[in-house]
Every structure is written in C-alpha cells, then in structure tokens.
Amino acid sequence: MKSIRLAILALIMLAPFANAASTGSKIGVLDTVMVLSESNAGKQYARKSESKFKPQLQALQKLETDVRGMQEKLQKDGPTLSAEQLKVRQLELQRKYEDWQLKGRQYQTDRAEADNAEREKLRPKLQTAIDSVVTELKLDLVVDRQMAIYASPGIDITRKVIESLNQMK
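Below or above, wherever it landed, is the structure these notes cover. Remember, predicted model here, so these are calculated numbers, not experimental data. Per chain, residue numbering runs from 1 following the sequence as it is written. Reporting of local features is limited, given that this is a predicted model, to residues whose pLDDT is at least 70; pairs of side-chain atoms are given and counted only at 80 or more, and all residues count toward the totals for whole chains, interfaces and linings. To get the side-chain values, take all heavy atoms of the structure and skip hydrogens and water.

1. Focus on the overall build of the protein chain
The helix count covers DSSP runs of H or I at least four residues long, the strand count covers runs of E at least two residues long, and both are numbered beginning at the N terminus. On a plain count of helices and strands, the protein chain comes out with five helices and two strands. When each of the 169 residues of the protein chain is scored for burial, the buried share is 23%. Expressed as a percentage of contacts within the protein chain between residues at least 6 apart in sequence, the contacts between residues at least 24 apart total 83%. The method behind every accessible area is Shrake-Rupley, applied with a 1.4 Å probe, and residues are considered shielded solely by the protein chains displayed. By element, 57% of the accessible surface of the protein chain is carried by carbon and sulfur atoms, the whole surface being about 12300 Å². Partly exposed residues are those whose accessible area sits between 20% and 50% of the maximum for their type, while under 20% is buried and over 50% is exposed, using a 1.4 Å probe and protein chains only. The contact criterion used is simple: two residues touch if any of their non-hydrogen atoms lie within 4.5 Å.

2. Examining the packing of helix H4 (residues 83-137) against helix H5 (residues 158-167)
Every axis in this analysis is a line fitted to C-alpha atoms, fitted for helices over the stretch in contact. Angles between the N-to-C directions lie between 0 and 180 degrees. Where H4 meets H5, the closest approach of the two axes is 9 Å, and the angle between their N-to-C directions is 125°. Our classification of the angle between H4 and H5 gives oblique. Taken as a pair, H4 and H5 cross one another with a handedness that is right-handed. Contact residues: H4 offers Leu122, Lys125, Leu126, Ala129, Ile130, Ser132, Val133, Glu136 and Leu137, while H5 offers Lys160, Val161, Ser164 and Leu165. When grouped by side-chain class, the residues that make up the contact of H4 with H5 number eight nonpolar, two polar and three charged. Any angle that falls under 35 degrees is termed roughly parallel, while one over 145 is termed roughly antiparallel, one within 65 to 115 roughly perpendicular, and all others oblique. Should the near helix be turned counterclockwise from the far one by less than a right angle, the crossing is left-handed, whereas a clockwise turn marks it as right-handed. By the convention adopted, Pro, Cys, Tyr, Trp, Phe, Met, Ile, Leu, Val and Ala count as nonpolar, Lys, Arg, Asp and Glu as charged, and the other residues, Gly among them, as polar.

3. Looking at H5
Burial in H5 covers these residues: Thr158, Val161, Ile162, Ser164 and Leu165. Here the buried residues of H5 occupy an arc of 165° about the axis, which is enough to place them on one side. Structurally, H5 contributes buried residues whose contacts are with strand E1 (27-30), helix H2 (32-38) and H4. Arc definition: directions from the helix axis to the C-beta atoms.

4. With respect to the packing of aromatic side chains
Working definition: rings of Phe, Tyr and Trp (its six-membered ring) pair if their centres are within 6.5 Å, and the pair is stacked with planes under 30 degrees apart, edge-to-face with planes over 60 apart, and tilted otherwise. Applying the stated criterion across every chain, the model contains two aromatic pairs. With 6.1 Å between their ring centres and 90° between their planes, Phe53 and Tyr107 make a pair best called edge-to-face. With Phe53 in helix H3 (residues 40-77) and Tyr107 in helix H4, this residue pair connects regions lying 54 residues apart in the sequence. There is no split in this pair, since Phe53 and Tyr107 are both buried. Centre to centre, the rings of Tyr97 and Trp100 are 5.6 Å apart; their planes meet at 45°, and the pair counts as tilted. Of the two residues, Tyr97 and Trp100 both sit in helix H4, three residues apart, roughly one turn of that helix. Overall, Tyr97 belongs to the partly exposed group, its relative accessible area being 30%.

Encoded structure:
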C-alpha cells in the first residue's frame, strides 16, 4: 500500500515535466550550489568569509587540541592519580569538552547566518542572470540540479548563468 502511494506521488510530481516534454517545451537544469561557489561573487564571499571566521576557527581548533591533550594525559596519568585527583581532572576535561562543543555550535550558527545573508544579498542578481539565460535560450522550465535524478549535459545552463552573473557589476 505504501509503495502504491509513493508511485502515485512520484507520478503527480513528474506530471509537469512529462507535459513539458510532450509539448516540445524547452527545459534547463541549474546547479545553484555551483553558481554560488564558482561565480566571481561567490569566490569573493568565500575569501572574505574565510578571513572573517579564521580567528574563531583557530580558537575552536585550539580547544579541540586541548581536549585531546587532556584526554591523553588523563589516560596516561589516570592509574597513578588518587580518586580525588582523578575526579577533578575528569571534571576539568568535561568542562573543556562542553566549552568546545558550545563554541563549535556557535561557529556553525555564525557561519550559516553569514552564508544565508550573503545568499539573500546575491539573490536578485542571480535571478536576473537566470532570467537573462532563460530569455536567451527560450526556456519554459528550469529545474534545480539537486532536484533532478538525471539531467543530460545538453540542458545544463549552470555555466551560462555563471557567465551572466560574472558580467554584472
């Protein structure tokens, strides 16, 4: 029963594509992730982002090194420590580990927010570049590459959109 529902759902989702193909409509596939990473604007943002987050990342890596060092030292010295000393060191390790986890989550959140803000800032230019390529190629439908199971290289418009985006100021 579940497989029948999935098959029906797949048919419903594919119906617009089948209709487009049967009417001779032109379809294009766009890899937006590639556009955002390989366009001049995307590369510029990547460099800026890397330098902006480098100190935070280095601090996080240092904390990770500290945690690993504390773990190794505790394993090495553990048998010779008194119960009280062992408890104190385990508590210190636990606190350092929790601090590392907290700062790691904060780094990921900060990075994701900055990435999302940059994508939103770039969205109007990206849409203009897509519209330009769609008009030039007289496309009826553009599908994101991440949503397509297969796409012939002949219908991929990613490079054209990157070129169009790079030509914008």
